[in-house]
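Next come the chains, spelled out residue by residue.
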Amino acid sequence: MGGKDFCSCIKDALACLRGFCCGFKRDWVLRNTDVSEVWGVGRKMKLHLEEMGIKTAMDLAKADPWTLRKKFSVVIEKTARELAGTSCLELDDPDPPKQEICCSRMFGKRLMELAPIKEAVATYMMRASEKLRAQKSLCKKVRVSIRTSMFNPEEAKYANGVLIELPYPTDDVRLLTKAAVDALDRVFRPGFKYSKAEVLLMNLCQAGEYTDDLFAASQPADATKLMAVLDQINGRWGRGTLRSASVPGDPVWGMRREMMSQSYTTKLDQLWQVHCY
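Attention now moves to the confidence of the model for the protein. For any part of a model where pLDDT is low, the fine detail of the predicted coordinates should not be relied upon. For the protein, the average pLDDT comes to 84, and 86% of its residues sit at 70 or higher. Taken together, the stretch residues 17–21 has pLDDT below 50 and engages in six contacts with residues farther than four places along the chain or on a different chain.

This paragraph deals with unusual backbone geometry. In this structure, Lys136 takes a positive phi of about 60 degrees despite not being glycine. With respect to the helices and strands, the residue Lys136 is situated in the loop between α7 (114–134) and β2 (137–148).

This part covers the pattern of salt bridges. For the structure on display, the rule yields twelve salt bridges. As a salt-bridge pair, Asp182 and Lys178 come within 2.8 Å of each other at their nearest N and O atoms. Of this pair, Asp182 and Lys178 both sit in helix α8 (residues 173–187), four residues apart, roughly one helical turn. Here the salt bridges do not stand alone but share partners, grouping Asp34, Lys46 and Glu50 into one network.

This brings us to the packing of aromatic side chains. In total, this model carries six aromatic pairs according to the counting rule given. On the numbers, 5.3 Å between centres and 35 degrees between planes, the contact of Phe188 with Tyr194 is tilted. On the basis of relative accessibility, which here comes to 14%, the residue Phe188 falls in the buried class. The exposure class of Tyr194 is buried, given its relative accessible area of 0%. What links up through ring pairs into an aromatic cluster is the set Tyr158, Phe188, Phe192 and Tyr194. Over the ring of Trp66 we find Arg81; its NZ or CZ atom is 5.5 Å from the centre of that ring.

Basis of the calculations
Residues numbered from 1 in each chain as written. Predicted model: local features only at pLDDT ≥ 70, side-chain atom pairs only at ≥ 80, totals over all residues. Heavy atoms only, no water. pLDDT = per-residue confidence, 0-100. Contact = heavy atoms within 4.5 Å. Helix = DSSP H or I, 4+ residues; strand = E, 2+ residues; numbered from the N terminus. Salt bridge = Lys/Arg side-chain N within 4 Å of Asp/Glu carboxyl O. Phe/Tyr/Trp six-rings, centres within 6.5 Å; stacked < 30°, edge-to-face > 60°. Buried < 20%, exposed > 50% of the residue type's maximum accessible area, 1.4 Å probe, protein only. Lys NZ or Arg CZ within 6 Å of the ring centre and 35° of its normal.

Here is the structure:
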């Protein structure tokens, strides 16, 4: 059962039977599951277990754990104890929210004008704000930076960034994009061939975790509802279905992806085609 904990499979099966807590239905699943379907039991181990009279998951659950440990490993011992109802494998805690969120890309070609760089920064901010809302965080500061290539000795070198303090913690892509795009006017220098831009969301916090002045501005409730609708639409119909007006659909500065692998398993128009003659 490729990499999936067998106990979680039992839970799914019993949930379908509407009786996870029912010992009878749990035993039914164990009795009707071949021991080879248990996670961690390979072809060779199955033969050894069958020699011991262990042919089903129920047989494994009733087997002596210490014997299994001495003959095989501590892993199979814990698996048997788990099947018998004794918790041995701790669940992993979910990853904590990130303290910073970064989005940066190399341009498909060198850019010398400000307008396409602003498009790129708006696009990167769109992606960064999606990650921000996905972990239900708010952003207090934004850093925007641009730079030229550091590896071409024939090109002039330049790199600079600016830190923007937002009026209030927010996850509103409109406010974040405006702050980042307007800040580019302060760091852009004409005459350079820019190769990369970066947006960095900083000082992140969860909603309700920050204490502000009683009279300070806060994110409007309408903005929060609008962002929820934005994420719902893009989640259902695909990323970029609904986006900021400053984000182009097919940018000329996009990354070069001529050699990118096809999405054979996730896109119908990129499935493998087999021709029989």
